[in-house]
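Residue strings, one per chain:
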Amino acid sequence: MEPYDPHAIEPKWQRVWEEAGAFAVPNPDPGTPPNPDKRYVLEQLPYPSGTLHMGHMLVYTIGDVRSHFQRRTGHEVMRPMGWDSFGLPAENAAIRGGGHPREMTERNIDHIRAFMKRAGWAIDWDREIAAHSPDYYRWTQWLFLKLYEAGLAYRKASPVNWCPNDQTVLANEQVKDGRCERCGAVVEARNLEQWFFRTTAYADELLDFEGLQWPERIVAMQRNWIGRSEGAELIFRVDELDIDIPVFTTRPDTVFGATFFVLAPEHELVPRLAAGTPQEDEVLEYVRLSAGGSAERVDPDREKTGVFTGRHAVNPATGEPVPIWVSDYVLMEYGTGAIMAVPAHDERDFAFAQRFELPVRTVVVPEGEESAEEGAFVEHSDSERLVNSGEFSGLPAPEGARAIVEWLEQRHAGRFAVSFRLRDWGFSRQRYWGAPIPIVYCDGCGVVTVPEADLPVVLPDIEDYLPKGKAPLESNEEWMRVECPKCGGEARREAETMDTFVDSSWYFLRYCDPHNERAPFERELADYWGPVDYYQGGVDHATMHMIYARFFQKALADLGMVGFREPFARFHGNGWVQYGGAKMSKSKGNTISPDEFVDRYGADPVRLAMLFIGPADQDMDFTEEAFEGMVRFVRRLWRIVGEVVSAPARSDGGGALTRKAHETIAKVTDDIGRRESFNTAIAAVMELVNELSRDVEAPDARFAAETAVSLIQPYAPHVSEELWGALGHERLWEHPWPVADESQLARETFELVIQVNGKVRDRLEASVGDSEEQLVERALASERVQAHLDGKQVRQTIVVPGRLVNIVV
Ligand SMILES: [Zn+2]
Ligand SMILES: [Zn+2]
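Residues numbered from 1 in each chain as written. Chains lettered and ligands numbered in written order. Predicted model: local features only at pLDDT ≥ 70, side-chain atom pairs only at ≥ 80, totals over all residues. Heavy atoms only, no water.

## A few points about the overall build of the chain
Here is step 1 of the chain: Helix and strand content of the chain: 26 helices and 34 strands.
Here is step 2 of the chain: Each principal axis of the C-alpha atoms in the chain carries an extent, and together these give about 105 × 85 × 50 Å.
Here is step 3 of the chain: For the chain, the exposed surface amounts to about 34,400 Å²; the carbon and sulfur share of it is 47%.
Here is step 4 of the chain: Computed over 86 positive and 130 negative side-chain charges, the inter-centroid distance for the chain is 3 Å. (Helix = DSSP H or I, 4+ residues; strand = E, 2+ residues; numbered from the N terminus. Areas by Shrake-Rupley, 256 points an atom, 1.4 Å probe, with all protein chains shown as cover. Lys, Arg positive; Asp, Glu negative; His and termini not counted. Charge placed at Lys NZ, Arg CZ, Asp CG, Glu CD.)

If you want it as structure tokens, here you go:
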């Protein structure tokens, strides 16, 4: 055989697969019943904002191993690919590169597609989609109209996080420590008319993870993001302005201790409350300077800031007026954006009271005590009792909470309530590179939807697309001016575009029917392929993207467009990929593109290295050696298969390799198919190759070689195909996955013979995995053996692994 040369064999097989349509799967004919053996294998689609990085290399290689394995174990596998090509990442890349987003995006897509083919990933390219393509976003717009008609999309003025650098609104989740997650600029607060999806309509259902095979930490992240809590809504009244301000609290038992009241700076009542007071200017200045940065603002250790509004509200329990403050430690995104402050029983309220010398009143104490130590006593259990709480004093805290809410309910000053952290999803962006929102504004008719027949509202190619604080499309008069679809009068288009998370909230459904020109997808096809059986991607998308996609799925199910309510049956989050100990990121400049590695080592060794270095769901650190090690392994496999092919096979002996091969089949099948343990499967094949290398002339050497090649195929498809050919076969990609012969598998248990002074005294079933110590322990624990030991001292134990223990007394 020729020496192993990845650059010769890889393009050759890629051509073969392409010509054979090896990984394309046609849609079933209408009326085909559901196929329980279908497998929808999907990885999160990339932003084509540059080249791929090693994290993508990992994600798509995992998907590739899964799809090869599923196909070869008899499943009908759909594994598509597309581009999340609208939105900030692509637009910012274009701005940096000085080009137009469309040209830049399409160039990047061509480049990445070519790389994906070079990596040998088994993708059904007939299903390719791109978010920025009009035949895709036409349906994004159409779905928006359906949600709007169903009352699940609406427009309203609301406080938003504004990135002054990106010149656009950010979701709360896109603000980290008060800064824009994408560019690092300090985020400002603004009040803007915005479009929202009513995600909160599904808050309860989004908390139901029944039947989903998701890692516990992902479920926990979503639960936390949705943030359901039970408690009460209490009304604090501002008599002088005739305003009721509701607050949500999980601790209604402490209402008698509410000595002041705090509003978030973004709360809509703040300007009204401060109006005409001596503090007005100070309040408005404070509001202007505080924004975003939820994580930082709620940090208990951060020094509290705030201003008094000059107004008071009435504590509904005590009837006392309490001062109303504005402080940024209260967030709009939790509860009602206002709190009753109970400094005796809340750490942050306590810190605030200390800072501004506000009264602290203890209303809950441990059982048997009259007063608690001052400062944030925050239990809520039966062992605490209410004090200083009028007629409720003496009650255990939970019982007191119930009684107080019932009492306030009768006085119309409170009720039991559930609160969610989840907010409706603001999805309009003052940016150019996104799907236009199909809405026009008419002086006579108001907000009018663009008729379905007029979709798509095509995003015009404009020269000056740079963000400038208002939507760039607004400057394009020709595009903006439109005839009102209702009255035929003059109207103007909505100039804002959709967040790219809208595009990615339904793309997995479009893959099921990507060329449909009459609908986003045929329900029958979505129901045939969906839900996604294996979803792979970054844990960083566990909240926004995966919540939005679940919201879309549920809303579309309620609109009768799909027959299932959860988009992703299984989810696997992968770890961070590091190189030489540093997290790879563009900002650190230590990204090495997978192209370079594939050029240097070939696709197969790089693919193997991605999965061999450690468990795929944990962070991994790459070094040159990781790749070189895999090159050595592939060369060794190549050489040994060559030796097997050319060696004259003996007719006698053998058997050991057959057993080893079947053991390896069993292990690799379990590792890939059930345990999702991709690294240990490679190690098992390596062991088999080692065994094989010791006796390439054994009568079963060929079987062992075929097995090794067949099992490594999902990882290293090119070299496997080449070696499969050398072994006299063809089309390994569609060859059935090998099945282990049970009778050849090493038994997991054996009969342990126990002797005392050389005489057999007992027999036990023991596990082959037991250590010598464990075998001795089991032997000594036997009652029959104990009877023969008769209290004598054990002088020595002799272990014959897999057979016996002899106890010498
Ligand atoms: Zn920014
Ligand atoms: Zn009109």
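## Details of the coordination of the zinc ion (ligand 2)
Here is step 1 of the chain: Note on the zinc ion (ligand 2): its protein donors are Cys 442 (SG), Cys 445 (SG), Cys 484 (SG) and Cys 487 (SG). The metal-donor distances range over 2.2 to 2.3 Å.
Here is step 2 of the chain: Considering all four donor atoms around the zinc ion (ligand 2), the spread of angles at the metal, 106 to 113 degrees, places the coordination shape in the tetrahedral class.
Here is step 3 of the chain: Look at where the donors of the zinc ion (ligand 2) fall in the sequence and you get C-x2-C-x38-C-x2-C. Note that Cys 442 is positioned in strand 21 (residues 439-442) and Cys 484 in the loop between strand 23 (481-483) and strand 24 (490-493), a separation of 42 residues in sequence. Across this residue pair, the class does not change: Cys 442 and Cys 484 are buried. (Donors = N, O, S within 2.8 Å, 3.2 Å for Na, K, Ca; no water. Tetrahedral: all angles 85-135°; square planar, octahedral: opposite > 155°, others 65-115°. Buried < 20%, exposed > 50% of the residue type's maximum accessible area, 1.4 Å probe, protein only.)

## Here we look at the nonpolar core
Here is step 1 of the chain: Ranked by internal contacts, the top residues of the largest apolar core, which has 93 residues, are Phe 144, Phe 197 and Phe 552.
Here is step 2 of the chain: The element that contributes the greatest number of residues to this core is helix 17 (residues 544-558), accounting for ten residues.
Here is step 3 of the chain: In this structure, Phe 552 is in contact with Leu 143, Leu 147, Phe 197, Trp 425, Val 502, Ser 505 and Trp 506, ignoring residues within four places of it in sequence.
Here is step 4 of the chain: Of all hydrophobic cores here, the second largest spans 87 residues; its members include Ile 62, Met 630, Val 689 and Ala 716. (Core = buried A, V, L, I, M, F, W, Y, C linked by side-chain atoms within 4.5 Å. Contact = heavy atoms within 4.5 Å.)

## Remarks on the sheet that holds strand 5 (residues 153-163)
Here is step 1 of the chain: One open sheet accounts for four strands, arranged 6-5-9-19; its pairing is antiparallel. Looking at the sheet topology across the chains shown, the edges are occupied by strand 6 (168-170) and strand 19 (425-426). (Pairing = 2+ DSSP bridges.)

## Things to note about the coordination of the zinc ion (ligand 1)
Here is step 1 of the chain: Bound to the zinc ion (ligand 1) on the protein side are Cys 163 (SG), Asp 166 (OD), Cys 180 (SG) and Cys 183 (SG), at distances that span 2.2 to 2.3 Å.
Here is step 2 of the chain: One can describe the site at the zinc ion (ligand 1) as tetrahedral: its four donor atoms subtend angles covering 98 to 117 degrees at the metal.
Here is step 3 of the chain: Counting gaps between the donor residues of the zinc ion (ligand 1) yields the pattern C-x2-D-x13-C-x2-C. Pair noted here: Cys 163 is in strand 5 and Cys 180 is in strand 8 (residues 179-180), with a separation of 17 residues, a long-range link. Here Cys 163 matches Cys 180 in class, with each residue buried.

## Quick word on the packing of aromatic side chains
Here is step 1 of the chain: Tallied over the full model, the rule gives 50 aromatic pairs.
Here is step 2 of the chain: Pairing Tyr 507 with Tyr 511 gives two aromatic rings, centres 5.5 Å apart and planes at 70 degrees, and the pair type is edge-to-face.
Here is step 3 of the chain: Aromatic side chains Phe 508 and Phe 568 sit 5.1 Å apart centroid to centroid with 70 degrees between the ring planes, which places their arrangement in the edge-to-face category. Linking Phe 508 in helix 15 (residues 507-510) with Phe 568 in the loop between helix 17 and strand 27 (571-574), this pair joins segments that are 60 residues apart in sequence. Accessibility assignment for this pair places Phe 508 and Phe 568 in one class, buried.
Here is step 4 of the chain: Members of the aromatic cluster, joined through ring pairs, are Phe 144, Tyr 148, Trp 195, Phe 197, Tyr 202, Trp 225, Trp 425, Phe 427, Phe 501, Tyr 548, Phe 551 and Phe 552.
Here is step 5 of the chain: Cation over ring: Lys 156 sits above Phe 196, and NZ or CZ is 5.3 Å from the ring centre.
Here is step 6 of the chain: Above the plane of the ring of Tyr 534 lies Arg 570, whose end atom (NZ or CZ) is 4.5 Å from the centre. (Phe/Tyr/Trp six-rings, centres within 6.5 Å; stacked < 30°, edge-to-face > 60°. Lys NZ or Arg CZ within 6 Å of the ring centre and 35° of its normal.)

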